[in-house]
Amino acid sequence: MPELIHQPYGQQHPYDQGPEERFPRDPLAGQPFTIGIATRPPGVVQRVRVHTQIDGRPGPSVEAVRQEQWQPTLEAGVGAEYLERLVKVEQDVWHAALTAPPAGQTLSYWIEADGQQSERYALRGMAWETTASGAPPAVHESWPGVWSMTITPGSGPGPLAPAGLPAIRAIAWLTDGTQARRVRIAFDCAPDERFFGLGERYNALDQRGNVLDIRCYEQYKTQGKRTYLPVPFLLTSAGRGVWVQSSRWMQFDLAASRPDCWTLEADLGPDESLTLSWFVNDDPLASVGQFAQITGPAVLPPLWAFGLWMSGNEWNSQARVVREVEASFAHAITPSALVIEAWSDETTFYIWNDAQYTPRGGDHFFRGDEFTFPAEGKWPDPKGMIDWLHAQDIRLLLWQVPVLKAPEGDHPQHAADRAHFEAQGFGVREPDGSFYRVRPFWFRNGYLWDVTNPAARAWWLGKRAYLLDDFGIDGFKTDGGEHLWSLDAQFADGRRGDEVWNEYPQRYVEAYYQMAVEKRGGDALTFSRAGFTGSQRSPAHWAGDENSTWDAFRASILAGLSAGISGIPFWGWDIGGFSGAIPGAELYLRSAAMAAFCPIMQYHSEFNQHREPSHDRTPWNIQARTGDERVIPAFRFFVNVRHNLMPYIWQEAQHSARTGEPMMRALGLYHANASPYQYLFGRDLLVCPVVDEGAAVWRGTLPPGGWRDLWTGQRVAGGQVIEVPAPLDRIPVFVRDGARIPARLGPGGELGEPVALAADANAVLDFSG
C-alpha cells in the first residue's frame, strides 16, 4: 500500500517548510492556504482528494494537483541541510487549495488517495481583533528606576506614564474565539529613532527598518537575521530600553512597516498576558547595566580567560595537543587557555577516546581511576597532560553537547546509559509520551536531556564530574543547545517546547557552569555558542560558526556589540573565522588585532578530515600557508600588547561584572554617524577595527573631547572624523585624554614587550599630561 504523508507542522523547522506541510502552517480566518501532501513511492498514486467539514457540517472536496517540479524557496546557507534531505526523497508531492474557517470555527479535513484515507486534521479559525477601547496598562516601579506593565485583553492604546515611555499606538489580539494566542502592540517612535540589541545580531548594529524574531536557532554560518543567542531586550536612541518578560516566540518590526512606530508581536500563554519592563536613563549603557543585573547578575570570568585561547577541531590526540602548545611557546606566543573538542569517544562524550574500562550500569558515575589509557592510544596520559598544561599556566576546557547520541554500532556503555536514561525518563518528551528526538541534521535522532528535571541534571552532570574531580579540567565548551524544534514537547516542570526552546541553552549551560565553579572553587568557566536572557550568569560566549571572510569578520563585530547591548559582556569569536579556506594574512592579522581588544581572544578551526595542507588557524600555520612572514611577529605583538594591558582589561572586566555594562561599548549608541564597527573597549580605549581589505589608512569617528593615539601618544581633537595610517601590525586605538591606564610593561617600557599574564600593574600609561 502506498504511503500517504501530511504533517501540518512538518518537522517544525523554525524557518523552512517541507513538502508535506500546511502553507502557511497557521492561516488566518478566510485566508487561502495550501495542503501539502507526499505519496511514496512515486508514480503509484494517481488521484488525491481532500475532504472537509466545518464544525461538523460537510464542506467542499478539493482535487489535489501533483507538483511536477516541487522546489522549496531556499535562501543561501539557510536550512539547506533540512530541505535538501527532503527533496532527495523519492516521492510525489501534491497541493490542494483550501480556505481557513471563520474565527471560532473548526475546519476538519482528511486526505483520500486511491481509496486510502488519512487521519483527520483540525484547523481552528483565528483572526486579529483590535482593541478600540480600554485604558492603557497601568505602569508600576518594579525595580528602582524600572517601570513594568502587563498587557491583558482589557488593555487599550494611549499614552503611558511616567514620562519617557512611548505611547501605545494600537493593540490587537490573535484569537480563536476562545483564547488570545498572540498579541500585537504598536508603539510610537520618532522618524530618526534607532534600535539596538535583541541579542547577538550579525546583520546590523542599528536595526531600524528590520524585522527580527526571538528564536534560538543554529544557523551554520552566514547568520543574517538569525541568531544562536536571542534576547528580548530592545534599546533605543530615545533613551529607553524594554525587556519583554517571555521566553516564547516574538517578533519586532522596527519601523520596517511604518516609519512612525515599531511593533511587537508575541505568542501568549494560557493567562493571555505579556509583561514589559522599561528602563529610562540618560546613558543607554545604564539601561543595559540595569537589565543585565536584574536578569543576572553578570559573572566575572577568572583572569586566565582574558589571555589567548587556542583550539583546533583536529587536535584529537595528546601528541597533537602537546605539539601545538610547544609550537606556540617556540614562537614566544603565550596562551592561557586551550579547548579540546575531539577528546572523547564521540559517543558518550564523557569518556576519553581509546580509554579502556569495564562497562557499568547506566546509573554508575565513573571515577578517574576506573580508566586505563594504552600507550598507543590517542590519550596515553590525559591527567599527566592536564598537569603539564597547568604547569605552563594553561587552563583546559573540554567540549560538550546536551544530546544523548542515537546508537551507532556496538557501544555497551552508551547502550547502558541510554537504557537508564529511558527507564528514568530523563529526556524531553513528545505529547504522546515518547522521547523527543533531535530533528536538525546535527545529532539527528538523539535524545535531548530535560534540563528542568533535577534528577536528570544530577545524572547527566554526575557522569562528567570525574573530569573536574579527578582530572582537574577547568571548564567546558558548552556547544549546541539549539536542538528543540517542537512547540508541544513536554518538560518535567510542566512547560511545553514553545516556552522552553529559547531558554534551553541558558539552562543547560548554567547547569554545567554551576557544577564547574563549585568543584573548582570558582576558578572555572564555560564557553558557549547559544543562550538567552540570563546567560550572563554563566560566562563566556562566542559568535559561533563563521567563514574566513571579510564579511564574516564584520558580522562578528556586530554580533559582539549587539550581545553586549543585550546583557552579555564577556564574548569572543574565532579569529579570522573557523570554516572554509584559511584566511589570508591580512584578514587574519586585522581580526587578531581586533581580538586583542575584545573580551575573549581565541582562534579555532573546523574539522577538515585531517587533509593536507592543514586548515589550522594557528599563526604559524597561517604564516606557512600564506608565505607571509609578518604573521607570527604581528600576532605575537598583539598578544603581548594584550598582556601589557591586562591590568586595564581586568579592571574593566570587573567594572562590567559589577555594573552589567558591556566591555565592548558600541560607539553607534551615542553617535549615529559613527562606523558601526567602532567601540570603546572598557571606558577609556576607543578601538577602530580595520574591516576592509587593502586599507592603508583608516577613517574613524572621535567623540567630543580630547584623545591620544595609543601607539604614539599624539593628541587628537575630538568631535571629528579623522584618517590615520593603518599598517598591518597596528590597529587604530585612541585613549581618552586624561586617562591613566594601568599596565604591565617589560624592561624597555614599551607596548608589545613580553610579560606574564597578571592583573597587577607595574606601570601606568599616563595620558593626563
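Conventions and cut-offs
Residues numbered from 1 in each chain as written. Predicted model: local features only at pLDDT ≥ 70, side-chain atom pairs only at ≥ 80, totals over all residues. Heavy atoms only, no water. Buried < 20%, exposed > 50% of the residue type's maximum accessible area, 1.4 Å probe, protein only. Helix = DSSP H or I, 4+ residues; strand = E, 2+ residues; numbered from the N terminus. Pairing = 2+ DSSP bridges. Right-handed = clockwise from strand over helix to strand, strands pointing away. Expected span 1.5 Å × (residues − 1). Contact = heavy atoms within 4.5 Å. Axes fitted to C-alpha atoms, helices over the stretch in contact; angles between N-to-C directions. Polar contact = N/O pair within 3.5 Å; in protein donor to acceptor, adjacent residues only side chain to side chain. Phe/Tyr/Trp six-rings, centres within 6.5 Å; stacked < 30°, edge-to-face > 60°. Lys NZ or Arg CZ within 6 Å of the ring centre and 35° of its normal.

> Honestly, the pairing of strand β25 (residues 335-340) in this entry has me stumped. Any pointers?
Across a regular strand the side chains alternate sides, sitting on one face of the sheet and then on the other. Of all 6 residues in β25, 6 are buried; the element is thus mostly enclosed. Note: β25 against strand β26 (residues 395-400), 4 bridges, orientation parallel. In the sheet register, V339 faces β26, and the bridge partner there is L397. Taken together, β25, helix α4 (residues 382-391) and β26 form a β-α-β motif whose crossover is right-handed.

> Is there a simple way to explain helix α10 (residues 585-595) in this structure?
Residue pairs three or four apart in sequence face the same way in an α-helix, which turns once every 3.6 residues. Among the 11 residues of α10, 10 are classified as buried, and the element is accordingly described as predominantly covered. All of the buried residues along α10 are A585, L587, Y588, L589, R590, S591, A592, A593, M594 and A595.

> Looking at this structure, I do not really get helix α3 (residues 318-330). What am I missing?
End to end, α3 covers 18 Å across 13 residues, agreeing with the expected 18 Å (1.5 Å per residue, within 8%). Every buried residue belonging to α3 is among Q318, R320, V321, E324, V325, A327 and S328, and all of these are buried. On its buried face, α3 sits against β24 (308-311), β25, α4 and α11 (619-626). A positive phi of about 60° marks A332, the residue just after α3.

> How should I be thinking about unusual backbone geometry in this particular structure?
A negative phi holds for most residues other than glycine; trans holds for most peptide bonds. Here the residue pair A161 and P162 is connected by a cis peptide bond, since its omega of 10° sits within 30 degrees of zero. With an omega dihedral of 0°, the bond running from E612 to P613 counts as a cis peptide bond. Structurally, P613 is set in the loop between β33 (600-602) and α11. You will see that T222, though not glycine, has its phi angle at about 45°, which is positive. Mapped onto the elements, T222 comes out in the loop between β18 (211-214) and β19 (230-236). The class of T222 is exposed, set by a relative accessible area of 52%.

> Which parts of the structure should I look at to understand the sheet that holds strand β21 (residues 250-253)?
Strands sit in the order β12-β15-β16-β22-β21-β18 across an open sheet of 6 strands; the sheet is antiparallel. Looking at strand neighbours, the two that pair on one side only are β12 (127-130) and β18, the edges of this open sheet. Direction aside, the axes of adjacent strands within the sheet are offset by 20° on average. Relative to strand β16 (residues 180-188), strand β15 (residues 168-175) runs antiparallel, the two sharing 7 bridges. The partner of A170 across the bridge, within β16, is A186.

> Help me out: how do you make sense of the environment of D692 in this one?
Looking at the secondary structure, you find D692 in the loop between β36 (685-687) and β37 (697-702). Leaving out residues up to four positions away in the same chain, D692 has contacts with W550, R554, E586 and W698. Engagement of the side chain of D692 in a polar contact is seen with the side chain of R554, the distance being 3.2 Å.

> Explanation requested: the packing of aromatic side chains in the structure shown.
To describe a pair of aromatic rings, one takes the distance between the centres and the angle between the planes. Scanning the entire structure with this criterion turns up 50 aromatic pairs. Plain terms: the ring middles of W449 and Y512 are 6.4 Å apart, the flat faces sit at 75° to each other, and that makes the pair edge-to-face. Placement of W449 in the loop between β28 (447-448) and α6 (454-469) and of Y512 in helix α8 (residues 504-519) is noted, with a sequence separation of 63 residues between them. Each of the two residues, W449 as well as Y512, counts as buried. In textbook terms, an aromatic cluster arises when at least three aromatic residues are bridged by ring pairs, as seen for F421, F426, F435, Y447, W449, W459, W460, F476, Y504, Y508 and Y512. Lying over the aromatic face of W711, R730 brings its terminal NZ or CZ to 5.3 Å of the ring centre.

> Teacher, can you tell me more about the sheet that holds β36 here?
Strands pair in a sheet through their backbones, by hydrogen bonds, and they do so in one of two ways: parallel or antiparallel. Reading across from one edge, β34-β35-β36-β41-β38-β39 is the order of the 6 strands in this open sheet, with antiparallel pairing throughout. Edge positions in the open sheet fall to β34 (664-666) and β39 (715-717), since each of these has one partner strand only. Strand-to-strand twist of the sheet, defined as the mean angle between neighbouring strand axes without regard to direction, takes the value 35°. Taken together, the 3 bridges between strand β38 (residues 706-709) and β39 define a ladder with antiparallel strand orientation. Bridging from a neighbouring strand, R708 pairs with R715 of β39.

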